[in-house]
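# What the coordinates show
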Amino acid sequence: MPHPTVILTDIEGTTSSISFVKNVLFPYARKALPAFVAAHGQEPQVRRWLDAVAVEIGGACQDSLIVETLQGWIDQDRKHTALKALQGMIWEAGYRNGDYKAHFYPEVAAVLKGWHAEGKPLYVYSSGSVPSQKLFFGFSEAGDLTGLVSGWFDTEVGGKREADSYRHIVDAIGVPAAQILFLSDVVEELDAAREAGLQTRLLDRREDYPLPRSGEATHGHDRVENFQQITL
């Protein structure tokens, strides 16, 4: 197996804690949705996503029903592109107002900066929308990290548990799949990436997964507990 020359990383559970997303970002968006839709629901960049939800739940319906549906999807942690896009717009206000900063595990920023200094391109692939990813890296506890990232991918490229999504990403990056290392805490995502030819590492952080995953639970993916254990 060649040494990876490109890194592709997930965010939640990988660079950053699951609890920050679930306990800070999700409740913030859930609470803000009604007022946000009332204020911005007729703006084209918002309307397109509201209409997409309306079509999915049965056609023409009032915005109040769309908001209730979206709030239900937040409670279910549903990975829906429309929801992620709207959440990203709401989270932007929270970041810019200083209501919170994005969590990164303590070692991550230094490791990413080291890879960047070595000339290893970093790409991000998350179920959160690309704008929300950029906000996450831009308003982090470690400062603005967006300059370390060469490109961004979300579920518009495909679901994270589908091998074709990673094939599309490989085509977009323009290097052989075997030279790309994908980092994630979700075994099924790593399975899909490996099927597409990528190298993989399973992040198994004690803060997010108190019981270590080993043996069959890793599906044969190399397991690390933090970014400092990743060798390239």
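Quick note: structure is the one above.
Here goes a summary of the coordinates provided. (Residues numbered from 1 in each chain as written. Predicted model: local features only at pLDDT ≥ 70, side-chain atom pairs only at ≥ 80, totals over all residues. Heavy atoms only, no water.)

### Considerations on the nonpolar core
In this structure, Leu70, Tyr95, Phe136, Phe137 and Phe227 are the most contacted members of the largest nonpolar core, which totals 52 residues. Broken down by secondary-structure element, the contributors of at least two residues to this core are α1 (18–40), α2 (44–56), α3 (63–76), α4 (81–96), α5 (108–117), β2 (122–125), α6 (130–138) and β4 (180–184). Among the elements that make up this core, the one with the highest residue count is α1 (eight residues). Residue contacts for Phe136: discarding those within four places in its chain leaves Ile11, Ser16, Phe20, Val21, Leu25, Tyr95, Ala102, His103 and Phe104. (Core = buried A, V, L, I, M, F, W, Y, C linked by side-chain atoms within 4.5 Å. Buried < 20%, exposed > 50% of the residue type's maximum accessible area, 1.4 Å probe, protein only. Helix = DSSP H or I, 4+ residues; strand = E, 2+ residues; numbered from the N terminus. Contact = heavy atoms within 4.5 Å.)

### Comments concerning the side chain of Ser126
Checked against the element boundaries, Ser126 lands in the loop between β2 and α6. For Ser126, a relative accessible area of 8% translates into the label buried. In this view, Ser126 contacts Asp10, Ile11, Gln133, Phe153, Asp154, Thr155 and Lys160; residues no more than four positions away in its chain are not counted.

### Digging into the sheet that holds β2
Strand order in this open sheet of six strands is β3-β2-β1-β4-β5-β6, and the pairing throughout is parallel. On the outer flanks of this sheet lie β3 (151–153) and β6 (222–224), each paired with one strand and no other. In this sheet, neighbouring strand axes are inclined to one another by 25° on average, regardless of whether the strands run parallel or antiparallel. One ladder, built from four bridges, connects strand β1 (residues 6–9) with β4; its direction is parallel. Bridging across to β4, Ile7 finds its partner in Leu181. (Pairing = 2+ DSSP bridges. Axes fitted to C-alpha atoms, helices over the stretch in contact; angles between N-to-C directions.)

### Things to note about the packing of α2 against α4
Close contact between α2 and α4 brings their axes to 9 Å; oriented N to C, the two are set at 145°. In terms of crossing hand, the pair formed by α2 and α4 is left-handed. Across the interface between the two elements, Gln45, Val46, Trp49, Leu50 and Val53 from α2 touch Thr81, Ala82, Ala85, Leu86 and Met89 from α4. Across the contact of α2 with α4, the residue classes break down as eight nonpolar, two polar and no charged. (Left-handed = near helix turned anticlockwise from the far one by under 90°. Nonpolar A, V, L, I, M, F, W, Y, C, P; charged D, E, K, R; others polar.)

### Regarding the environment of Ser17
As for its placement among the helices and strands, Ser17 is situated in the loop between β1 and α1. For the pair Ser17 and Tyr105, spaced 88 residues apart in the sequence, the C-alpha separation amounts to 7.1 Å. Setting aside residues up to four positions removed in sequence, Ser17 forms contacts with His103, Tyr105 and Asp208. Here the side chain of Ser17 touches Ser19 through a polar contact of 3.3 Å, side chain to side chain. (Polar contact = N/O pair within 3.5 Å; in protein donor to acceptor, adjacent residues only side chain to side chain.)

### A look at the pairing of strand β5 (residues 199–203)
Burial analysis of β5 places five of its five residues in the buried class, the great majority of the element. Burial of β5 is two-sided: the residues Gln199, Arg201 and Leu203 facing one way and the residues Thr200 and Leu202 facing the other way are all buried. After leaving β4, the chain enters helix α8 (residues 187–195) and then returns to the sheet as β5, a path that is right-handed. Here three bridges tie β5 to β6, and the two strands are oriented parallel to one another. Bridge assignment links Leu202 to a residue of β6, and that residue is Arg223. (Right-handed = clockwise from strand over helix to strand, strands pointing away.)

Note that all results are geometric; they support no functional claim without further evidence.
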